[in-house]
Amino acid sequence: MKKEISQRITIFGFVMTCIIVFYHCGTPKIAISSFDEKWNTYLGTVFDGLAVLAMSWFFTITGFLLFYNLTLSNYLIKIKSRMVSLLVPYLLWQIIYVIKSLVSGGDFSGKYFMDTVFLLEQWPPAGQLWYLYAVFLLALLSPIFLLIFKKKKVGILTPWFLVLVIVILTYRIWFLSSDIAIAFRTYGYIPNILMYFPAYIVGAFYGYFVKDGDDSSLKYCVSMIFVAFMFEGLYEGITFDILIRMLPIFILYLFPIREFMVDRKVYKLSFLVYALHQLFKGECLGCIRNFISQIIPYAIVSNVFGRFLYLFVVIGIASVMYMVLKKVCPKGLKLLTGGRG
């Protein structure tokens, strides 16, 4: 893989993880003035929008890496690798969160565990890791898309045209009124998978066809945005939704790399930060924001600095956990992180 592409994947993997931590901190509700309320609400919407970009990034890069040099002959090898990097850490962290909940007085039944962890019915105990299971299921379906990609031409259709059709049809599901469509798009966290599927399939296309392409390869994303614009009259909001899901490709190919951004040790903590940050939020975030509010009562201050301080706390916990496991139980570290770091 081209060096710059690999570096951007690592760098922005950490950046997008930080954004997800910020997002899950939420926005303080109590403001002391109309000015405070206005800008506090505005910042909340900014972090909400950035979270959509971050999840689009994760789905795009997951599709990109899976379909990079993917063939039907190495499909099983790739799936085995995804079991290690996606399914195993997903299951281990679900168990960790269940144990933590039980220790805190929670109650979990076997049926609830099956419904949430495997059947997509609700968010799993470690809810932030839902996408690991989602992209693993999508990986199992990759031969379907691989067959489409392998056909350089299907009649007068090209693989990219088929991607455009698939994305528009996926978006149309939100506007269908049939009972089947409503039941499907409202089941568990299927809506979230549908939301980010366009990012995944575009990432898969680029991973398979473009790989280390130059700027001209971005014409595909531009055409996707144009097609979305043409459908805006039918599906209100599709232009913005598709635009934000195309941004990861632009970042992947265009974002300038500076020396200070490369090979930072903190990047190896990305997965642990992502997996851990919900585990301590209830006990920690409230204390941080209460402390800030006692010094400066503005909600906007608590909103911003609370997110950053909590991120630093999680990075600290992840760093200690990483060092201890690496020294005491490196195999356990590898299982918990899926071999990352």
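Residues numbered from 1 in each chain as written. Predicted model: local features only at pLDDT ≥ 70, side-chain atom pairs only at ≥ 80, totals over all residues. Heavy atoms only, no water.

## Side note on the nonpolar core
Stage number 1. Membership of the largest hydrophobic core comes to 111 residues, with the highest contact counts inside it found for F59, F67 and V202.
Stage number 2. The residues touching V202, leaving out its near neighbours within four places in the chain, are W160, V163, C221, M224, M246 and I249. (Core = buried A, V, L, I, M, F, W, Y, C linked by side-chain atoms within 4.5 Å. Buried < 20%, exposed > 50% of the residue type's maximum accessible area, 1.4 Å probe, protein only. Contact = heavy atoms within 4.5 Å.)

## Overview of the packing of aromatic side chains
Stage number 1. For the coordinates displayed, the defined rule picks out 39 aromatic pairs.
Stage number 2. On the numbers, 5.4 Å between centres and 20 degrees between planes, the contact of F58 with Y131 is stacked. Of this pair, F58 sits in helix α2 (residues 34–67) while Y131 sits in helix α5 (residues 130–140), and the two are 73 residues apart along the sequence. Taken individually, F58 and Y131 each receive the classification buried, so the pair is uniform in this respect.
Stage number 3. Ring geometry for F59 against W130: centres 5.7 Å apart, planes inclined by 40 degrees, an arrangement best described as tilted. Note that F59 is positioned in helix α2 and W130 in helix α5, a separation of 71 residues in sequence. Accessibility classification places F59 together with W130 in one group, the buried group. (Phe/Tyr/Trp six-rings, centres within 6.5 Å; stacked < 30°, edge-to-face > 60°. Helix = DSSP H or I, 4+ residues; strand = E, 2+ residues; numbered from the N terminus.)

## Observations concerning the pattern of salt bridges
Stage number 1. Per the counting criterion, the structure on display carries two salt bridges.
Stage number 2. For the salt bridge of K111 with D115, the shortest nitrogen-to-oxygen distance reads 2.7 Å. Pair noted here: K111 and D115 are both in helix α4 (residues 110–117), with a separation of four residues, about one helical turn.
Stage number 3. Overall, the relative accessible area of 58% leaves K111 in the exposed class. (Salt bridge = Lys/Arg side-chain N within 4 Å of Asp/Glu carboxyl O.)

## Points about unusual backbone geometry
The phi torsion of most residues other than glycine is negative, and most of the peptide bonds are trans.
Stage number 1. With a phi close to 65 degrees, N69 is a non-glycine residue in the positive phi region.
Stage number 2. Relative to the helices and strands, N69 is located in the loop between α2 and α3 (75–103).
Stage number 3. Taking relative accessible area as the criterion, N69 reaches 46% and is therefore assigned partly exposed.
Stage number 4. For D263, which is not a glycine, the phi torsion comes out positive at approximately 55 degrees.
Stage number 5. Examined against the element boundaries, D263 turns out to sit in the loop between α11 (238–254) and α12 (270–276).

## Here we look at the packing of α2 against α5
Stage number 1. Between α2 and α5, the least distance of the axes is 11 Å, while the angle of their chain directions is 35 degrees. In this structure, α2 crosses over α5, and the sense of that crossing is right-handed. Residue-level inspection shows M55, F58, F59, T62 and L66 of α2 in contact with α5, the latter providing W130, Y131, A134, V135, L138 and A139.
Stage number 2. Its residues placed into classes, the contact of α2 with α5 shows ten nonpolar, one polar and no charged. (Axes fitted to C-alpha atoms, helices over the stretch in contact; angles between N-to-C directions. Left-handed = near helix turned anticlockwise from the far one by under 90°. Nonpolar A, V, L, I, M, F, W, Y, C, P; charged D, E, K, R; others polar.)

## Thoughts on the environment of F255
Stage number 1. If you trace the backbone, F255 turns up in the loop between α11 and α12.
Stage number 2. Using a relative accessible area of 33% as the deciding quantity, one classes F255 as partly exposed.
Stage number 3. In the structure, F255 is positioned 13 residues away from K268 in sequence and 21 Å away in space, judged by C-alpha atoms.
Stage number 4. In contact with F255, other than residues within four places in its own chain, are R8, F12, F250 and M261.

## Structural notes on the side chain of Q94
Stage number 1. Relative to the elements of secondary structure, Q94 occurs in helix α3.
Stage number 2. By relative accessible area, Q94 is classed as buried at 0%.
Stage number 3. Setting aside anything within four residues of it in sequence, one finds Q94 in contact with F113, V117, P124, P125, A126 and L129.

## Considerations on a nonpolar patch on the surface
Stage number 1. Side chains of I32, F35, W39, Y42, V46, L50, F291, I295, I296 and Y298 sit close together on the surface and give an oily, nonpolar patch of about 950 Å² of accessible area.
Stage number 2. The element contributing the most residues to the nonpolar patch is α2, with five residues.
Stage number 3. Tracing the backbone shows W39 in helix α2.
Stage number 4. Accessibility expressed as a relative area gives 34% for W39, which makes it partly exposed. (Patch = residues over 30% accessible without salt bridge, like charges linked within 9 Å, V, L, I, M, F, W, Y side chains within 5 Å. Areas by Shrake-Rupley, 256 points an atom, 1.4 Å probe, with all protein chains shown as cover.)

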